[in-house]
Amino acid sequence: MEKSATQGKPTSVNFTRHYPASCEKVWRAWTDPQALAQWFGPDPAGVVTLAEMDVRVGGRYHIRFGVPGQETHNVSGTYLEVEPPHKLVFDWGWQSTPERVSRVTVTLRPSGGGTELVFMHEKFFDQAARDSHNQGWAGAFLKLDKLFPAA
C-alpha cells in the first residue's frame, strides 16, 4: 500500500487568536472592505487595492493586494455560510489558478471579555499549496493582531 504524500503532515492551516474586542468588531475586520484593507495580505509593506464584498450566502468577494511595484495577487470566491457575528465560511480561489478552490472558515466566540477567533483554511490542491498558504496567513495574522492589541 502506498503512503499518502501528506501522511503525518498537516492538511489545513489553523490559527486561534484571542482579541480584547467584541465579536462584532472582529467580524467587521473580516467583512467590511475598509477594515479588511487595514490588515489583509502577508507582507508588512503590502496594500489592498481592491476589496469588493457582498457578505451574504451566495454573495461574492474579490480582493486584490500586493506590494507596490511587485506582483499583484487576486483572490475571489463565494460566501457559503454567513452567521453574523460568529461564523463566516467562503471558498477561496486565486485568479492565477481558478481550478484550485479551497475553503476558509472563521469562527468567533465571546471569550474572557473579548473574542476567540478560530481560523481554518482547508481543501488544498496539494501540500505545497497548504504550506504556502500557512506562510501567507501567518503574515496576515501578524497584521490583524495589531488591530486588536492586548491591553
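Cut-offs applied
Residues numbered from 1 in each chain as written. Predicted model: local features only at pLDDT ≥ 70, side-chain atom pairs only at ≥ 80, totals over all residues. Heavy atoms only, no water. Helix = DSSP H or I, 4+ residues; strand = E, 2+ residues; numbered from the N terminus. Rg over C-alpha atoms; globule rule 2.2 N^0.38 Å. Buried < 20%, exposed > 50% of the residue type's maximum accessible area, 1.4 Å probe, protein only. Contact = heavy atoms within 4.5 Å. Lys, Arg positive; Asp, Glu negative; His and termini not counted. Charge placed at Lys NZ, Arg CZ, Asp CG, Glu CD. Phe/Tyr/Trp six-rings, centres within 6.5 Å; stacked < 30°, edge-to-face > 60°. Salt bridge = Lys/Arg side-chain N within 4 Å of Asp/Glu carboxyl O. Core = buried A, V, L, I, M, F, W, Y, C linked by side-chain atoms within 4.5 Å. Pairing = 2+ DSSP bridges. Polar contact = N/O pair within 3.5 Å; in protein donor to acceptor, adjacent residues only side chain to side chain.

On a plain count of helices and strands, the chain comes out with three helices and seven strands. Starting at the N terminus, the α and β elements of the chain follow one another as β-α-α-β-β-β-β-β-β-α. In summary, the chain has a C-alpha radius of gyration of 16 Å against a globular reference of 15 Å for 151 residues, a match within 12%. Seen along its three principal axes, the alpha-carbon backbone of the chain occupies a region of about 50 × 40 × 30 Å. Residue burial in the chain is summarised as follows: out of 151 residues, 42% are buried. Once local pairs closer than 6 in sequence are excluded, the contacts in the chain between residues at least 24 apart make up 47%. Charged side chains in the chain number 16 positive and 16 negative. The centres of these two groups are separated by 2 Å.

Time to look at the packing of aromatic side chains. The description of an aromatic ring pair uses the distance of the two centres, along with the angle that the planes make with each other. The final tally for this structure, using the stated rule, is 20 aromatic pairs. For the pair F15 and F119, a centre-to-centre distance of 6.1 Å together with 55° between the ring planes defines the contact as tilted. Here F119 lies in strand β7 (residues 114–122) and F15 lies in strand β1 (residues 13–19), a separation of 104 residues in the sequence. Pair check on accessibility: F15 and F119 agree, each one buried. A ring pair is formed by Y19 and F148, whose centres lie 5.2 Å apart and whose planes are at 50°; its orientation type is tilted.

A few words now on the pattern of salt bridges. Using the criterion set out here, one finds six salt bridges in the structure. A salt bridge links R56 to D54; the nearest nitrogen and oxygen atoms lie 2.9 Å apart. Residue D54 is classed as partly exposed on the basis of its relative accessible area of 32%. Between R109 and E116 there is a salt bridge whose closest N-O contact spans 3.0 Å.

Right, let's get into the nonpolar core. If you look at the biggest cluster of nonpolar residues, it comprises 36 residues, and the most contacted ones within it are W30, F40, L117, F119 and W137. Not counting residues within four places of it along the chain, the set of residues in contact with W137 comprises V13, F15, W30, W39, F40, W92, V104, F119 and H121.

With seven bridges connecting them, strand β5 (residues 87–94) and strand β6 (residues 97–111) associate as antiparallel partners. Across the sheet, residue D91 finds its bridge partner in β6, namely R103. Sheet topology places β6 next to β7; nine bridges connect them, and they run antiparallel. Considered in β7, the bridge of S111 is made with G114. Between the antiparallel neighbours β6 and β7 lie two residues, among them G112 with a positive phi of about 55°.

Further remarks concern the side chain of K143. In this fold, K143 is placed in helix α3 (residues 127–147). Despite its burial, K143 remains without a salt bridge, the nearest opposite charge being carried by D43 at 6.7 Å. A distance of 3.1 Å separates a polar atom in the side chain of K143 from the backbone oxygen of G41. Of the polar contacts made by the side chain of K143, one reaches the backbone oxygen of D43; its length is 3.1 Å. Sequence-distant contacts of K143, defined by excluding residues within four places in its chain, comprise W39, F40, G41, P42, D43, P44 and G46.

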